[in-house]
Amino acid sequence: MAAAISMASPLTAAVLPSQGTGLRGSALGFLWRKTQINVNRLQQRQFSRKAGSNVITAKFELKPPPYPLNALEPHMSRETFEYHWGKHHRTYVENLNKQISGTELDGMPLEDIIIATYNKGDILPAFNNAAQAWNHEFFWESMKPGGGGKPSGDLLDMIERDFRSFETFAEEFKSAAATQFGSGWAWLAYKANRLDVDNAVNPLASEKDKRLVIVKSPNAVNPLVWDYFPLLTIDVWEHAYYLDFENQRPDYISTFMEKLVSWDAVNLRLEKAKALAAEREEEEQRKKKEEEEEKLSEGDNVEMYLDNDSDDSEAE
């Protein structure tokens, strides 16, 4: 099953991830990120010890939104939260715990489960529940009472740099959300300098790295599988808005942007994403330097060995 990524303007591209054949050995061996992308720890884990066993298991818990269920009214109703968070989100978490119990995924961080089970687009059974559990908590934390408006600081500067203006960005984000066919998500993400991504073909050239991008994804897919740092998302599955907006998805999207977005949360995520990307780049440069020095050292040893052979020959 191949998932596609749609890039909203300024560039449009499609990514067709390479196909995999499943987990080989431990899922830990599949993980390709050298530095854990942990923009936000979105699930709290409760550890327990299996009876008669030394194996530690991790149970993911349903975390409530960071505000009362009626706090976003009249824009998003308590009834919607009781149905969307209380039923759908809860089901994803409960099903995930059942799926991973006693498997090699048990005890892994949620982000690592998502990447391992995405499996280069050849999606494994636990992926949908794992990604949806992550996506929904990220979505709740993307909103706040009295939200909307316009961001400030470095986030606004980068939006204006990468999209020409905040107004252009807002229209492109709305368009991505409105045109996602069927169920899925629209995202604002930070694309770091990462050309060799194992999990998907990188859709942008190097000069387009370290930039903000708008992407839309089908079903449960999220930007973590492309090594992007998610900053903002809107859920465009119909159950996210039908009780309040019926089938008027554009009205829901406009309300989200104008009344609900927490730019404080997005700003904080951007700061963390840039810091983590910088740390990863420094680590990669350090390792590259060590490899080069090791090669030079090996070359010196070979030269010394040849010189010794030459001396022995002259002595004879």
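Report on the accompanying structure. (Residues numbered from 1 in each chain as written. Predicted model: local features only at pLDDT ≥ 70, side-chain atom pairs only at ≥ 80, totals over all residues. Heavy atoms only, no water.)

### Topic: the overall build of the chain
Stage number 1. The helix and strand tally for the chain stands at eight helices and six strands.
Stage number 2. Moving toward the C terminus, one meets the helices and strands of the chain in the order β-β-β-α-α-α-α-α-β-β-β-α-α-α.
Stage number 3. Across the 316 residues of the chain, 49% fall into the buried class.
Stage number 4. Taking contacts inside the chain between residues at least 6 apart in sequence as the whole, the part at least 24 apart equals 76%. (Helix = DSSP H or I, 4+ residues; strand = E, 2+ residues; numbered from the N terminus. Buried < 20%, exposed > 50% of the residue type's maximum accessible area, 1.4 Å probe, protein only. Contact = heavy atoms within 4.5 Å.)

### What about the packing of helix 2 (residues 110-118) against helix 3 (residues 127-140)?
Stage number 1. Relative orientation of the contacting elements helix 2 and helix 3 amounts to 140°, with a least axis distance of 9 Å. One way to sum up the angle between helix 2 and helix 3 is to call them oblique. Helix-helix and strand crossings are classified by hand; for helix 2 and helix 3 the assignment is left-handed. Seen from helix 2, the contacting residues are Leu110, Glu111, Ile113, Ile114, Thr117 and Tyr118; seen from helix 3, they are Phe127, Ala130, Ala131 and Trp134.
Stage number 2. The residue makeup of the contact of helix 2 with helix 3, split by class, is eight nonpolar, one polar and one charged. (Axes fitted to C-alpha atoms, helices over the stretch in contact; angles between N-to-C directions. Parallel < 35°, antiparallel > 145°, perpendicular 65-115°, else oblique. Left-handed = near helix turned anticlockwise from the far one by under 90°. Nonpolar A, V, L, I, M, F, W, Y, C, P; charged D, E, K, R; others polar.)

### A short note on the packing of aromatic side chains
Each pair of aromatic rings is reported with the distance of its centres and the angle of its planes.
Stage number 1. Across all of its chains, the model carries 18 aromatic pairs by this definition.
Stage number 2. A ring pair is formed by phenylalanine 245 and tyrosine 252, whose centres lie 5.8 Å apart and whose planes are at 55°; its orientation type is tilted. For the pair shown, phenylalanine 245 and tyrosine 252 are each scored as buried.
Stage number 3. Among the aromatic side chains, those forming a connected cluster through ring pairs are Tyr67, Phe81, Trp134, Phe138, Phe139, Trp140, Trp185, Trp187 and Phe256.
Stage number 4. Looking at arginine 90, its charged tip hangs above the ring of tryptophan 85, at a distance of 5.6 Å from the centre.
Stage number 5. A cation over a ring is seen here: arginine 269 above phenylalanine 138, with NZ or CZ 3.6 Å from the ring centre. (Phe/Tyr/Trp six-rings, centres within 6.5 Å; stacked < 30°, edge-to-face > 60°. Lys NZ or Arg CZ within 6 Å of the ring centre and 35° of its normal.)

### Brief notes about the packing of helix 1 (residues 78-100) against helix 3
Stage number 1. With their axes 8 Å apart at the nearest point, helix 1 and helix 3 run at an angle of 145° to one another. Note on packing geometry: the crossing formed by helix 1 with helix 3 is left-handed. Here helix 1 contributes Phe81, His84, Trp85, His89, Tyr92, Val93, Asn95, Leu96 and Gln99 to the contact with helix 3, which in turn contributes Asn129, Ala130, Gln132, Ala133, His136, Glu137, Phe139 and Trp140.

### Examining the environment of asparagine 95
Stage number 1. Inspection of the secondary structure assignment puts asparagine 95 in helix 1.
Stage number 2. Between the alpha carbons of asparagine 95 and alanine 126 there is a distance of 8.6 Å; along the sequence they are 31 residues apart.

### Things to note about the environment of glutamine 180
Stage number 1. Note that glutamine 180 resides in the loop between helix 5 (166-179) and strand 4 (184-191).
Stage number 2. Exposure remark for glutamine 180: the relative accessible area of 7% places this residue in the buried category.
Stage number 3. Distance from glutamine 180 to valine 236, taken between C-alpha atoms, is 7.8 Å for residues 56 residues apart in sequence.
Stage number 4. If near-sequence neighbours (up to four positions away) are discounted, glutamine 180 is found in contact with Trp185, Lys216, Ser217, Pro218, Val236 and Arg249.

### Section: a negative patch on the surface
Stage number 1. On the surface, Glu291, Glu292, Glu293, Glu294 and Glu298 cluster together into a negatively charged patch.
Stage number 2. Mapped onto the elements of the fold, glutamate 293 is located in helix 8 (residues 263-315). (Patch = residues over 30% accessible without salt bridge, like charges linked within 9 Å, V, L, I, M, F, W, Y side chains within 5 Å. Areas by Shrake-Rupley, 256 points an atom, 1.4 Å probe, with all protein chains shown as cover. Salt bridge = Lys/Arg side-chain N within 4 Å of Asp/Glu carboxyl O. Lys, Arg positive; Asp, Glu negative; His and termini not counted. Charge placed at Lys NZ, Arg CZ, Asp CG, Glu CD.)

### Things to note about the side chain of threonine 233
Stage number 1. Note on placement: threonine 233 falls in strand 6 (residues 229-235).
Stage number 2. Those residues in contact with threonine 233, other than ones at most four positions away along the chain, are Asn135, Phe138, Phe139, Ser142, Trp185, Ala186, Trp187 and Phe256.

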